[in-house]
Amino acid sequence: MKHLMLDLETLSTVPEAAILSIGAVFFDPINSLLGKEFYQIVVRTNSTLDGTVSDDTVKWWNSQSPEANSIFTDPSAISLREALVSFDSFIKNNGSENIQVWGNGSGFDNVILASAYKRNGLKVPWNFRNDRDVRTVVELGRCLRKIDPKESLTMSGLAHNALDDAKFQAQYVNSIFSALKNS
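For every chain, the first residue of the written sequence is number 1, and numbering continues from 1 along that sequence. Local features in this predicted model are restricted to residues whose pLDDT is 70 or higher, and side-chain atom pairs enter the listing and the counts only when it is 80 or higher, whereas totals over whole chains, interfaces and linings include all residues. Values reported for side chains reflect all heavy atoms of the structure, with hydrogen atoms and water molecules removed beforehand.

Our next topic: the packing of helix α3 (residues 80–94) against helix α4 (residues 109–119). Fitting a line to C-alpha atoms yields each axis, with helices limited to the stretch in contact; the angle taken between N-to-C directions then spans 0 to 180 degrees. Where helices and strands are cited, they refer to DSSP runs of H or I of at least four residues and of E of at least two residues respectively, numbered from the N terminus. The interhelical angle for the contact between α3 and α4, taken along N-to-C directions, is 110°, at an axis separation of 10 Å. Here α4 runs roughly perpendicular to α3, going by the angle between their axes. Taken as a pair, α3 and α4 cross one another with a handedness that is left-handed. Where α3 abuts α4, its residues L80, L84, F87 and D88 lie against L113, A116, Y117 and R119. Considered class by class, the residues forming the contact of α3 with α4 number 6 nonpolar, no polar and 2 charged. Orientation is classified from the angle alone, with under 35 degrees giving roughly parallel, over 145 giving roughly antiparallel, 65 to 115 giving roughly perpendicular, and any other angle giving oblique. Handedness of a helix crossing follows the sense of rotation of the near helix relative to the far helix, less than a right angle counterclockwise being left-handed and clockwise being right-handed. Should any heavy atoms of two residues lie within 4.5 Å, those residues are considered in contact. Polar here means any residue other than Ala, Val, Leu, Ile, Met, Phe, Trp, Tyr, Cys and Pro, which are nonpolar, and Asp, Glu, Lys and Arg, which are charged; Gly is therefore polar.

This part is about the pairing of strand β2 (residues 19–28). Residue burial is assigned from relative accessible area. The probe radius is 1.4 Å, only protein chains are included, and a residue is buried under 20% of its type maximum, exposed over 50%, and partly exposed in between. Of all 10 residues in β2, 10 are buried; the element is thus mostly enclosed. Any two strands between which DSSP finds at least two bridges are classified as paired. With 8 bridges connecting them, strand β1 (residues 3–10) and β2 associate as antiparallel partners. Across the sheet, the residue bridging to L6 is A24, located in β2. With 7 bridges joining them, β2 and strand β3 (residues 33–41) adopt antiparallel strand pairing. Opposite V25, over in β3, you have E37 as the bridge partner. The hairpin formed by β2 and β3 contains 4 residues between the paired strands, and S32 there has a positive phi angle of roughly 55°.

Okay, the sheet that holds strand β4 (residues 100–103) next. Strand order in the open sheet made by the 5 strands is β3-β2-β1-β4-β5, with mixed pairing throughout. Of all the strands in the sheet, just β3 and β5 (131–133) have a single pairing partner and so form its edges. Strand-to-strand, the axes of this sheet are offset by a mean angle of 25°, without reference to chain direction. Two elements, β4 and β5, share 3 bridges in a ladder whose sense is parallel. Following the sheet pairing, V101 is matched in β5 by D131. Most of the contacts of helix α5 (residues 134–145) go to β5, to which it runs at about 40°, and overall it touches β1, β4 and β5. Those strands touched by helix α7 (residues 162–181) are β1, β2, β3 and β4, and its axis lies near 30° from that of β2.

Judged by how many residues are buried, β1 sits mostly within the fold: 8 of 8 residues are covered. Neither face of β1 is open: one carries H3, M5, D7 and E9, the other L4, L6, L8 and T10, and all of them are buried.

Turning to the nonpolar core, a few remarks are in order. Most often, soluble globular proteins keep nonpolar side chains buried together rather than apart. Throughout this description, the term nonpolar core refers to a set of buried Ala, Val, Leu, Ile, Met, Phe, Trp, Tyr and Cys residues connected via side-chain atoms within 4.5 Å. If you look at the biggest cluster of nonpolar residues, it comprises 26 residues, and the most contacted ones within it are L4, I19, I22, L84, F87, L113 and W126. For this core, the leading source of residues is α3, giving 6 residues. Apart from residues no more than four positions distant in its own chain, F87 is found in contact with L4, L6, I22, A24, F38, L113, Y117 and W126. Counting 13 residues, the second-largest nonpolar core is a separate cluster that includes V25, F168, A170 and Y172.

For the rest of this paragraph, the subject is unusual backbone geometry. A positive phi angle, near 55°, is found at K146, a position not held by glycine. Tracing the backbone through its elements, the reader meets K146 in the loop between α5 and α6 (149–152). Non-glycine residue H160 carries a positive phi angle of around 75°. Note that H160 resides in the loop between α6 and α7.

Written out as structure tokens, the structure is:
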């Protein structure tokens, strides 16, 4: 599969945001399939390489469910650099050379993760020309087919869990591709 849906949980909304977790799933929007999954929680340190923290985002996290907030105390958390290296290996072991990385918003997931790679002196594991945006596809579905799977599908899993969110986003992109393909 050459499509990879990415979702991040962060402590800010700027490109240099501190990353709390990385979730991703390979998917095939033409055949509506989901593939290999990646999930890693990142331990928060005070290193400037880890990224920016916003008071507003911290307040937002404080209003989320206890299940979502368990991300802050998960014993499986690793350093950001280790998570980035692990994600790079996941892509290399499971994806195609011309991987297309999808994020929910043209300025969020892909931009934040690429910034983290650069801050940590690592090569971004995809070509910037292959950045894809979920919100654009959702708008196409709304405008061209009067559908909004983001609203009509039911998410399974936990909201604000990066892997569960990535799988849900891939499902509604798959649904829109299917509607466009079958028209």
